[in-house]
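# Understanding the architecture of this molecule
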Amino acid sequence: MNFEQAQALFAVQQLTLSQMQYDQLERYLAFLLETNRHMNLTAITEPAQVWTKHFLDSALLFRQVEIKKGAACLDVGTGAGFPGMVMAILRPDLAVMLLDTLQKRVHFLEEASKRIGLKNVRCVHARAEDAGKDAQLREQFDFVTARAVASLPVLAEYCLPFVKVGGVFAAMKGPNEDGAAAEHAIEELGGAMIGERRYQVTEIGQRSVYVIEKRSHTAQKYPRRGDKIKKKAL
């Protein structure tokens, strides 16, 4: 996909893309596909599809949530870097932390950041339930997101402990999530659902973003151990 095609793809969704951002995303794409030959990072390997189903999908988060200039952001369970790496490329003012449980993926993300030339990315190898207890990370972020398959009550327990009071957690989900089913968990963790944004993009399909504001401190007993979270969600 050349620059004009990528720019047009973003423009249809009222998103801008500069030549520098395009070049950085292309370097990211090349390294992603190179690494994917020996490490399972993504099932999507056709470049145009990576642009739509990973890059554009990640960028669309900016259409659903306003993130203040200079915000400290965290992508929980980032995997190959979606949406966090794309956020860092498109918004160099943001300080973005990428958190993942697999050391090999963290090494990939660190190398990708170097190759792209990003100065606003930090990569951390940790389980969310452990990192959420770390005083240096707990309630330290203005904005937290996750683009994950776990149910919303489970994601809320993993993610809300990282959010500052007054900050926002945005869960990127598919079309079948029931936001109402997570209301008790969100309230228990100090949050409040302030938005449920549903949208359809031809190249991607139907998506939902659940926007949760942190209203009060999360009780110290949360997050629980991962096995307990999965066994019985709040």
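Residues numbered from 1 in each chain as written. Predicted model: local features only at pLDDT ≥ 70, side-chain atom pairs only at ≥ 80, totals over all residues. Heavy atoms only, no water.

### Details of the environment of Gly191
- Looking at the element boundaries, Gly191 is found in strand β6 (residues 191-201).
- Classification of Gly191 as buried rests on a relative accessible area of 10%.
- Between the C-alpha atoms of Gly191 and Cys73, which are 118 residues apart in sequence, the distance is 17 Å.
- The contacts of Gly191, once residues within four sequence positions are left out, are Leu160, Ile186, Ile212, Glu213, Lys214 and Arg215. (Helix = DSSP H or I, 4+ residues; strand = E, 2+ residues; numbered from the N terminus. Buried < 20%, exposed > 50% of the residue type's maximum accessible area, 1.4 Å probe, protein only. Contact = heavy atoms within 4.5 Å.)

### What about the sheet that holds β6?
- Ordered in space as β3-β2-β1-β4-β5-β7-β6, the 7 strands form an open sheet in which the pairing is mixed. Taken across any chain shown, the strands that pair with only one partner, and hence form the sheet edges, are β3 (121-125) and β6. Strand-to-strand twist across the sheet, computed as the mean angle between neighbouring axes with direction ignored, equals 20 degrees.
- By the bridge criterion, 10 bridges tie β6 to strand β7 (residues 205-214) in an arrangement that is antiparallel. By the bridge assignment for β7, Tyr199 is matched with Arg207. (Pairing = 2+ DSSP bridges. Axes fitted to C-alpha atoms, helices over the stretch in contact; angles between N-to-C directions.)

### Thoughts on unusual backbone geometry
- Geometrically, the link from Phe82 to Pro83 is a cis peptide bond, its omega value of 10 degrees lying close to zero.
- Following Tyr222, the chain continues into Pro223 via a peptide bond in cis, with omega recorded as 0 degrees.
- As for its placement among the helices and strands, Pro223 is situated in the loop between β7 and α10 (226-231).
- Of note in this structure, Gln14 is not a glycine but carries a positive phi near 60 degrees.

### Quick notes on the pattern of salt bridges
- The final tally for this structure, using the stated rule, is 14 salt bridges.
- Here Asp57 makes a salt bridge to Arg207, at a shortest N to O gap of 3.4 Å. With a gap of 150 residues between them, Asp57 in helix α3 (residues 47-59) and Arg207 in strand β7 connect regions that are remote in the sequence.
- Linked through salt bridges whose partners overlap, the residues forming this network are Glu34, Glu111 and Arg115. (Salt bridge = Lys/Arg side-chain N within 4 Å of Asp/Glu carboxyl O.)

### Examining the nonpolar core
- The biggest cluster of nonpolar side chains holds 55 residues, and the ones touching the most others in it are Tyr28, Trp51 and Met85.
- Residue contacts for Tyr28: discarding those within four places in its chain leaves Phe55, Ala80, Gly81, Phe82, Met85, Val86, Ile89, Phe108, Ala112 and Ile116.
- Ranked by size, the runner-up nonpolar core spans 31 residues in total, among them Leu137, Leu189, Ile212 and Ile229. (Core = buried A, V, L, I, M, F, W, Y, C linked by side-chain atoms within 4.5 Å.)

### Overview of a negative patch on the surface
- Side chains of Asp178, Glu183, Glu187 and Glu188 sit close together on the surface and give a patch of like negative charge.
- Locating Asp178 in the fold gives a position in the loop between β5 (163-173) and α9 (183-188). (Patch = residues over 30% accessible without salt bridge, like charges linked within 9 Å, V, L, I, M, F, W, Y side chains within 5 Å. Areas by Shrake-Rupley, 256 points an atom, 1.4 Å probe, with all protein chains shown as cover. Lys, Arg positive; Asp, Glu negative; His and termini not counted. Charge placed at Lys NZ, Arg CZ, Asp CG, Glu CD.)

### A look at the packing of aromatic side chains
- Here the structure, examined in full by the defined rule, presents 9 aromatic pairs.
- Relative to Trp51, the ring of Tyr22 has its centre 5.6 Å away and its plane inclined at 25 degrees; by these criteria the two rings are stacked. Of this pair, Tyr22 sits in helix α2 (residues 19-36) while Trp51 sits in helix α3, and the two are 29 residues apart along the sequence. Summarising the burial analysis for this pair, Tyr22 and Trp51 share the class buried.
- Both rings, one in Phe141 and one in Phe162, keep their centres 6.4 Å apart while their planes meet at 75 degrees; by these two values the pair is edge-to-face. With Phe141 in strand β4 (residues 141-146) and Phe162 in the loop between α8 (152-159) and β5, this residue pair connects regions lying 21 residues apart in the sequence.
- Among the aromatic side chains, those forming a connected cluster through ring pairs are Phe3, Phe10, Tyr22, Tyr28, Trp51, Phe55 and Phe82. (Phe/Tyr/Trp six-rings, centres within 6.5 Å; stacked < 30°, edge-to-face > 60°.)

### Observations regarding the environment of Thr45
- Position of Thr45 among the secondary structure elements: in the loop between α2 and α3.
- What makes Thr45 partly exposed here is its relative accessible area of 46%.
- It is 25 Å that separates the C-alpha atoms of Thr45 and Val96, two residues lying 51 residues apart in sequence.
- Other than its neighbours up to four places away in sequence, Thr45 contacts Leu33 and Asn36.

### Considerations on helix α6 (residues 103-116)
- Given a rise of 1.5 Å per residue, 14 residues ought to cover 20 Å, and the 20 Å separating the end C-alpha atoms of α6 matches this to within 8%.
- Turning to α6, its buried residues are Val106, Phe108, Leu109, Ala112, Ser113 and Ile116. Seen end-on, α6 carries its buried residues on one side only, within an arc spanning 155 degrees.
- Where the residues of α6 are buried, they touch α2, α5 (84-90), β2 (95-100) and β3.
- Remark: Gly117 follows α6 within two positions and exhibits a positive phi of approximately 90 degrees. (Expected span 1.5 Å × (residues − 1). Arc of directions from axis to C-beta.)

Function-wise, these values are silent; they only describe arrangement.
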